[in-house]
Amino acid sequence: MKNVLIVDDHPMVAEIMGTLARTLFPDAKVETANALAQAIDCARTAENLDLVLLELRLPDCAGITALTRFRESFPAVPMVVVSATEDRAVVMEALDAGAAGYIPKTSSAPVVMAALRLVAAGGTYVPPQVLQAKDPGGAHEGDGELTERERDVLRLMVKGLGNKEIARGLHIAPDTVKNHARAIYAALGIASRADAARALERRGIKLG
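Residues numbered from 1 in each chain as written. Predicted model: local features only at pLDDT ≥ 70, side-chain atom pairs only at ≥ 80, totals over all residues. Heavy atoms only, no water.

1. So, the nonpolar core
Part 1: Core analysis: the biggest nonpolar cluster contains 31 residues, and Leu5, Leu49, Val52, Leu54, Leu67 and Phe70 have the highest contact counts within it.
Part 2: Breaking this core down by element, the ones donating at least two residues are β1 (3-7), α2 (36-45), β3 (49-54), α3 (64-73), β6 (79-83) and α4 (88-96).
Part 3: By residue number, the principal contributor to this core is α2, which donates 5 residues.
Part 4: With residues up to four places along the chain from it excluded, the contact list for leucine 49 reads Asn3, Val4, Leu5, Ala43, Phe70 and Val77. (Core = buried A, V, L, I, M, F, W, Y, C linked by side-chain atoms within 4.5 Å. Buried < 20%, exposed > 50% of the residue type's maximum accessible area, 1.4 Å probe, protein only. Helix = DSSP H or I, 4+ residues; strand = E, 2+ residues; numbered from the N terminus. Contact = heavy atoms within 4.5 Å.)

Take a look at the structure:
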């Protein structure tokens, strides 16, 4: 790891993330930017940029657009979203848009470092709470609430397509399909794709 870019308009957050990055990658040069335009300028002048940590709410660009605009210019650079937003739909949308991970700002330092270590090794980090069933009553099944992309994945899944075929059909990465599959299992309270069709029928869910 040679160069890490942290993009966040909150100085304290940028400082904390910078400290963690330097601890994890002691030989890396860590730079910061407080807006998307500045981040793009930094990326253009950096040599061998290896990792970008991006806040979605920036002064000059907010939401997933910040991620997609940066990736349009630097598609090969792994990007991890670091955000206060923990909404499952936003997390999965970021992964769909090409993020290599999503770290909530409520995460502890050890969790952040473990996530960055995983991404640096070529993996994808998804916060565990996103994959857990959201059933406060403690029932065995989740609430069946699916995002639009999860419904797309599930529609192809019940047709018998494998992860690679689904990835090609939806133009997303196979790892992203796996993440969506985990979220689907949690939401439907099932253990495998073999249970998906029965769960849909039992719940009366129409995929269109």
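Now that the structure has been shown, the text picks up again.
2. Focus: empty space enclosed by the protein
Part 1: If you walk through the whole model with that rule in mind, you get 1 cavity of 30 Å³ or more.
Part 2: Of the voids in this model, the largest cavity is the one considered here, and its volume is about 40 Å³.
Part 3: In terms of lining, the largest cavity is formed by Ile6, Val7, Asp8, Val13, Met17, Leu53, Leu54, Glu55 and Val82.
Part 4: Along the lines of polarity and charge, the residues of the lining of the largest cavity split into 7 nonpolar, no polar and 2 charged. (1 Å grid on protein atoms, 1.4 Å probe; cavity = no way out; pocket = protein on both sides within 12 Å on 5 of 7 lines; lining within 4 Å. Points joined across faces, edges and corners; volume = space filled by probe spheres on them. Nonpolar A, V, L, I, M, F, W, Y, C, P; charged D, E, K, R; others polar.)

3. Re the sheet that holds β1
Strands pair in a sheet through their backbones, by hydrogen bonds, and they do so in one of two ways: parallel or antiparallel.
Part 1: Read from one edge to the other, the open sheet built from 5 strands follows the order β2-β1-β3-β6-β7, with strand pairing classed as parallel. Edge positions in the sheet fall to β2 (29-33) and β7 (101-104), since each has one partner strand and no second. Strand-to-strand twist in this sheet, taken as the mean axis angle between neighbours without regard to direction, amounts to 20°.
Part 2: Looking at chain direction, β3 and β6 are connected through 3 bridges and run parallel. Pairing of leucine 53 across the sheet is with valine 80, part of β6. (Pairing = 2+ DSSP bridges. Axes fitted to C-alpha atoms, helices over the stretch in contact; angles between N-to-C directions.)

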